[in-house]
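Examination of the molecular architecture
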Amino acid sequence: IFSLIGIALGCKMGKDERGVYLFISKSYCDIFLGQNFSIAADFIQTLLIMTVFAAVLFFFGLCAFGGVISNIVPFCFGGIIGAISYYFYQNYTLKGLAYCMILVFPFAVMSLYSLSLCCRESINMSELIVHKISSKERYIDYSFNIYVKRFLKVYCYIPAAAILKTVLDYLFLDIFTF
């Protein structure tokens, strides 16, 4: 739900045409639509950007207040996707919509899925920390090692999303000239 709200807000930011929206759309175009397309560079850039989102979620899970603020990450990612989508639709209409349908949305869906799973693990660990702080009774045996293993397990979707984006860019990016 937070992701969808972020997407809607990202599209709404596009009507402003300055500030955060301009920064997001310009950064996306500079990073992913640059003149020198390299498969390795595209994969690494995508993976690093998504890893930053996952790392924030990981550290939120280690905080007592992380359960409350973990939903900010999918919200922000949704806002970025909404801003990018609005930018391409506003400036290139059907060509921009086709670009988003082929290259942005498949990656966004897979990325949001992985971030949602990471968010779930983060909230679970944060709730455990709050429960251990507030009560003296023994809680479910959910240690830091289990948290790391589960988080890494759901993190595996992020490299898969980066591979999907790289493959789609390699196959279809030549179709679009902006």
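See above for the structure.
No experiment lies behind these values; they were computed from the predicted model shown.

**Structural notes on the pattern of salt bridges**
- Under the counting rule described, the total for this entry stands at 3 salt bridges.
- As a salt-bridge pair, E121 and R120 come within 3.2 Å of each other at their nearest N and O atoms.
- Of the residues examined, E121 reaches a relative accessible area of 4% and is grouped as buried.
- For R120, a relative accessible area of 43% translates into the label partly exposed.
- With its nearest N and O atoms 2.5 Å apart, the salt bridge here joins K165 to D169. One end of the pair, K165, and the other, D169, are both in helix α7 (residues 157-172), 4 residues apart, so they sit about a helical turn from each other.
- Here the salt bridges share partners, and the residues they tie into one network are D42, K165 and D169.

**What to know about the packing of aromatic side chains**
- Tallied over the full model, the rule gives 15 aromatic pairs.
- Note on F58 and F59: the rings are 5.5 Å apart at their centroids and 85° apart in plane angle, and the pair reads as edge-to-face.
- The class for F59 is exposed, based on a relative accessible area of 52%.
- Judged by centre distance (6.5 Å) and plane angle (50°), the rings of F144 and Y147 are tilted.

**Quick look at the nonpolar core**
- Within the largest apolar cluster, 45 residues are counted, with the highest numbers of intra-cluster contacts made by F77, F88, Y99 and L115.
- If you list the elements that add at least two residues to this core, you get α2 (20-32), α3 (39-61), α5 (72-134), α6 (144-155) and α7.
- It is α5 that contributes the most residues to this core, 23 residues altogether.

**So, the environment of F176**
- Relative to the elements of secondary structure, F176 occurs in the segment after α7.
- You can call F176 buried: its relative accessible area is 9%.
- Residues F176 and G78, 98 residues apart in the sequence, show an inter-C-alpha distance of 23 Å.
- The contact partners of F176, leaving out residues within four places of it in the chain, are K95, A98, Y99, I102 and L103.

**As for unusual backbone geometry**
- The backbone of T93 shows a phi angle near 40°, a positive value even though the residue is not glycine.
- By the element assignment, T93 lies in helix α5.
- Note on T93: relative accessible area 47%, which makes it partly exposed.

What counts, and at which threshold
Residues numbered from 1 in each chain as written. Predicted model: local features only at pLDDT ≥ 70, side-chain atom pairs only at ≥ 80, totals over all residues. Heavy atoms only, no water. Salt bridge = Lys/Arg side-chain N within 4 Å of Asp/Glu carboxyl O. Buried < 20%, exposed > 50% of the residue type's maximum accessible area, 1.4 Å probe, protein only. Helix = DSSP H or I, 4+ residues; strand = E, 2+ residues; numbered from the N terminus. Phe/Tyr/Trp six-rings, centres within 6.5 Å; stacked < 30°, edge-to-face > 60°. Core = buried A, V, L, I, M, F, W, Y, C linked by side-chain atoms within 4.5 Å. Contact = heavy atoms within 4.5 Å.

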